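One-letter residues, chain by chain:
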Amino acid sequence: YLIFLLVFTLGFGPGIYTYRNLPFVDFLPYKKGADIPELMKIPPGAPQDEYEIIYQLKNKQSGARQQMTDQQYLKQEVWKDTNWEVVGEPVSKLLKKGFEPKIKDLKITDAAGEDFTLAVLEHSGYQLMIIAYDLEKADPGALIKLNALALKAIEEFRIPSAIFTASGVDKAYTLRRNLAINMPFFFVDAIPLKSMVRANPGILLLKNGVVLEKWHYRKLPSYEELVKTYFKK
């Protein structure tokens, strides 16, 4: 029995823990210490994607067909030969991948679809990002606690807070009404939200766009802890 218990603990324990909490080690782009705006930038002169265009050609007289790259098409001046015509749509083939930022799919919008990505991420000072990618499955008790925490933070230290979700606008307004949520909502694709924090909901504490800390809703800090550790410094 002891051997079985040991094997079960070693085999399934870490998985159960990370499901109910956050991973022991965070390998994702939004890990603690990550400068999100910097990780989204493409440096000047960075290599771009290189593509090859494939044309399908047909000879009007013989009906013969062949395919040819855009370089061959131009070099052989096939376009001057009226016996050949391009049929169908050219196919684009990636030859060489260019520079790709570590964060490339993050876009933050409001309910009207206006882009707030830079406005949020380049905010100067602290901010609390409440991540709830699926509002219908988010823990309601945790959202109520986070709402109370956010209200104190804005009232005493003017620290902005918002809920970031992949759910639709209607679901956001329904939740706001049902739980008396006072925070604004922003809308983001589910993939980057799940990369930010593996919790629904979870919190990211940012300062000047840098992730200072993140929490699972089962390990929420108290407001007093946030004040003592961060806000009063």
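Note that the structure is predicted; figures quoted are calculated from it, not measured.

Undergrad: How should I be thinking about the overall build of the protein chain in this particular structure?
TA: A tally of regular secondary structure across the protein chain gives 8 helices and 9 strands. Every one of the 233 residues in the protein chain was classed for burial, and the buried ones make up 37%. Considering only contacts within the protein chain whose residues lie at least 6 apart along the sequence, 67% involve residues at least 24 apart. Entry remark: accessible area of the protein chain is about 14,600 Å², with carbon and sulfur atoms responsible for 55%.

Undergrad: Quick question: what am I supposed to make of helix 5 (residues 140–157) here?
TA: For the α-helix, the turn length of 3.6 residues means that residues three or four positions removed from each other point alike. For helix 5, built from 18 residues, the straight-helix expectation of 26 Å at 1.5 Å per residue is met to within 8% by its first-to-last C-alpha distance of 25 Å. Considering only its buried residues, helix 5 is in contact with strand 5 (126–131), strand 6 (161–165), helix 6 (169–179), strand 8 (202–207) and helix 8 (223–231). The N-capping residue of helix 5, defined by a side-chain oxygen 3.1 Å from the backbone nitrogen of Gly 141, is Asp 139. One or two steps after helix 5, the chain reaches Arg 158, where phi turns positive at roughly 55 degrees.

Undergrad: Mind showing me how you'd approach the side chain of Asn 200 here?
TA: Position of Asn 200 relative to the elements: it lies in the loop between helix 7 (190–196) and strand 8. Each residue touching Asn 200, except ones within four places of it in the same chain, is listed here: Ile 131, Ala 132, Tyr 133, Asp 134, Lys 137, Ala 138, Asp 139 and Tyr 217.

Undergrad: What exactly am I supposed to notice about the sheet that holds strand 6 here?
TA: Strand order in the open sheet formed by 5 strands is 7-6-5-8-9, with mixed pairing between adjacent strands. Each of the sheet's edge strands pairs with one partner strand only, and the pair in question is strand 7 (185–187) and strand 9 (210–216). With strand direction ignored, the average angle separating the axes of adjacent strands in the sheet is 25 degrees. Helix-sheet contacts for helix 5 involve strand 5, strand 6 and strand 8, and the interaxial angle to strand 5 is about 165 degrees.

Undergrad: How should the nonpolar core be read in this particular structure?
TA: Within soluble globular proteins, side chains that are nonpolar tend to cluster in buried spots. Counting residues in each nonpolar core, the largest one holds 27 residues, and the members touching the most others are Ile 163, Phe 185 and Phe 231. Of all the secondary structure elements, the ones that give two or more residues to this core are strand 5, helix 5, helix 6, strand 7, strand 8 and helix 8. Excluding its chain neighbours within four sequence positions, the residues that come into contact with Phe 185 are Leu 135, Ile 163, Thr 165, Ala 172, Leu 175 and Arg 176. Counting residues in hydrophobic clusters, the runner-up holds 21 residues, among them Ala 162, Leu 193, Val 197 and Leu 204.

Undergrad: Help me understand the environment of Ile 154 in this model?
TA: Along the chain, the position of Ile 154 falls in helix 5. Expressed as a C-alpha distance, the spacing of Ile 154 and Gln 127, which sit 27 residues apart in the sequence, is 9.4 Å. In this structure, Ile 154 is in contact with Ile 159 and Pro 160, ignoring residues within four places of it in sequence.

Undergrad: What exactly am I supposed to notice about the environment of Ala 34 here?
TA: As for its placement among the helices and strands, Ala 34 is situated in the loop between helix 1 (2–20) and helix 2 (36–39). Between the C-alpha atoms of Ala 34 and Val 210, which are 176 residues apart in sequence, the distance is 5.5 Å.

Undergrad: Would you mind going over the pairing of strand 8 with me for this structure?
TA: Looking along a regular strand, one sees the side chains alternate between the two faces of the sheet. Across the 6 residues that make up strand 8, a large majority, 5, are buried. Both strand 5 and strand 8 contribute to a ladder of 6 bridges, which runs antiparallel. Paired with Leu 128 across the two strands is Leu 205, which belongs to strand 8. Bridge count between strand 8 and strand 9: 6 bridges; the pairing is antiparallel. Within the sheet, the bridge partner assigned to Lys 207 lies in strand 9 and is Val 210. The hairpin turn running from strand 8 into strand 9, its antiparallel successor, is 2 residues long, and Asn 208 in that turn takes a positive phi close to 55 degrees.

Conventions adopted
- Residues numbered from 1 in each chain as written.
- Predicted model: local features only at pLDDT ≥ 70, side-chain atom pairs only at ≥ 80, totals over all residues.
- Heavy atoms only, no water.
- Helix = DSSP H or I, 4+ residues; strand = E, 2+ residues; numbered from the N terminus.
- Buried < 20%, exposed > 50% of the residue type's maximum accessible area, 1.4 Å probe, protein only.
- Contact = heavy atoms within 4.5 Å.
- Areas by Shrake-Rupley, 256 points an atom, 1.4 Å probe, with all protein chains shown as cover.
- Expected span 1.5 Å × (residues − 1).
- Polar contact = N/O pair within 3.5 Å; in protein donor to acceptor, adjacent residues only side chain to side chain.
- Pairing = 2+ DSSP bridges.
- Axes fitted to C-alpha atoms, helices over the stretch in contact; angles between N-to-C directions.
- Core = buried A, V, L, I, M, F, W, Y, C linked by side-chain atoms within 4.5 Å.

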